[in-house]
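Examining the three-dimensional arrangement
What follows is each chain in one-letter form.
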Amino acid sequence: ATWLFTRSPNGYQSINSPAMRISTAFAPAAAFLVGTAAAYSTPPQKLSSPPQLQRQKAARRALFGSGQHRVQTSTSLSAAASAAAIYHTPGQSDDAADSKPFSPGPSFEFGNSGLKLSWFGAIYGTVAISLGIIWYASLCACQLMYLITRNKVDKYRRVPVTFSQIWGATLLSVMGCSPKVTGLDNLKAAFEEKGGPVMFVANHCSWMDIPFVGVNVGWRNYKIIAKKELLKVPILSKSLIAAGHIILDRSSRRSQLNTYKQGVEYLKNGVNLVTFPEGTRSRDGRMGPFKKGAFKMAEAVDAPIVPMTIGHAQKVQPLDFIFPVRRSRGIPATIHFSKAIDTVGKSDEEVMDTVWDEIATQLPESQKPNVGTPKAVN
């Protein structure tokens with residue numbers, strides 16, 4: 001630029017000439033303009049975004065669209081970050097446990113039922129049934145005691161629950177299927193601060209959810225809200241009946257009302273409740289919508305709700321296997337207890353949304369609900 005500005009037919013201008021002084025003054029500005037033009041004329045290299053940034057971008061697109069002229073406020077960015085933590089981001093790589101290849105090995109299929117048994121499952125089943133014989137005898141003894149005493153001893157049936165916990169803890173420990181547990185400080189605080197019973201709410205994707213939950217809620221009296229189909233399972237059905245767990249027939253309105261009354265009565269008398277509000281196991285491992293009204297029992301007595309997030313249980317026992325196919329320690333399967341959620345003065349929707357969001361946030365990427373998954377269904 002300086003050369004063009006000062007060039008003359010007779011050669012370069014003197015350093016003190018007016019043209020040279022003007023060119024010297026404008027040279028920095030000219031250099032800036034030329035440099036800027038060169039920078040923008042070169043196509044930028046596309047860098048790969050970190051996983052968290054990819055998740056946030058996808059969540060923002062899902063919530064706010066992909067318009068080129070939208071204005072992002074702090075509120076919208078906060079909502080996007082929250083959605084990124086809750087929902088699965090398409091294209092986002094799964095966690096380390098999902099990247100490990102695994103084959104259950106040879107398996108045997110039971111007729112046309114679709115249920116299979118692996119070699120690990122055969123060992124697990126043998127140990128479970130062997131311990132289950134002692135468990136079953138203990139439950140029968142409890143039922144006999146209640147019959148003789150006319151339910152005046154151990155009115156809320158804590159003894160059968162204790163026998164079930166001993167069976168479950170022993171089985172999981174022997175077979176290496178105990179999950180990794182976190183958030184125990186939240187569980188302790190829930191009982192110390194609230195001073196009463198709580199309702200445990202968990203996602204549901206495998207048969208292993210039941211022993212995982214039963215063993216890890218601690219040595220406390222609790223009742224599971226179980227669907228009536230579980231009464232067809234040997235030994236487990238005896239445990240459900242002897243311990244006074246709540247049996248729900250989802251097709252019967254009367255059964256639903258009785259479930260509500262039983263649950264409220266238990267909570268009023270210091271007995272904890274455990275529920276899987278999805279109503280059934282997830283087919284793909286991802287959390288689905290909750291059944292509306294699942295939390296009315298806790299709200300009726302102002303009992304707090306403790307969200308429980310179960311991770312990778314479906315990898316320990318997939319849907320199409322009758323027993324587990326592998327140990328959970330190597331994955332690992334996990335249970336996380338979140339902080340208790342107060343129900344006082346809150347509506348069903350508020351409580352349900354808070355619990356659903358908390359569980360979804362704690363789930364591994366492979367189990368997070370897909371964007372657009374409703375939080376509740378009838």
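Preceding block: the structure.
Model, not experiment: these values are computed from the prediction.

A few words on the packing of aromatic side chains. A full pass over the atoms with the stated rule returns 9 aromatic pairs. Each ring, one from Y87 and one from W356, has its centre 6.0 Å from the other, and the planes form 55°; the classification is tilted. You can see Y87 sitting in the loop between α4 (74–86) and α5 (96–99) and its partner W356 sitting in helix α14 (residues 348–362), a full 269 residues away along the chain. Judged by its relative accessible area of 0%, W356 is buried. Taken together, a centroid distance of 6.4 Å and an interplanar angle of 45° make the contact between F191 and F200 tilted. By relative accessible area, F191 is classed as buried at 18%. Note on F200: relative accessible area 1%, which makes it buried. These aromatic residues form a ring-pair network of at least three members: F191, F200 and F337. The cationic tip of R220 hangs over the ring face of F191; the distance from NZ or CZ to the ring centre is 4.1 Å.

Let us now look at unusual backbone geometry. A cis amide bond links I331 with the next residue in sequence, P332, at an omega value of -10°. Looking at where P332 falls in the secondary structure, it is placed in the loop between α13 (313–316) and β12 (334–337). At R150, a residue that is not glycine, the phi angle is positive and equals roughly 55°. Relative to the helices and strands, R150 is located in the loop between α6 (119–149) and α7 (158–174). Here R150 falls in the exposed class, since its relative accessible area comes to 69%. Backbone geometry places D302, a non-glycine residue, at a positive phi of 60°.

Reading guide: rules and limits
Residues numbered from 1 in each chain as written. Predicted model: local features only at pLDDT ≥ 70, side-chain atom pairs only at ≥ 80, totals over all residues. Heavy atoms only, no water. Phe/Tyr/Trp six-rings, centres within 6.5 Å; stacked < 30°, edge-to-face > 60°. Helix = DSSP H or I, 4+ residues; strand = E, 2+ residues; numbered from the N terminus. Buried < 20%, exposed > 50% of the residue type's maximum accessible area, 1.4 Å probe, protein only. Lys NZ or Arg CZ within 6 Å of the ring centre and 35° of its normal.

Just distances and angles here, no functional claims.
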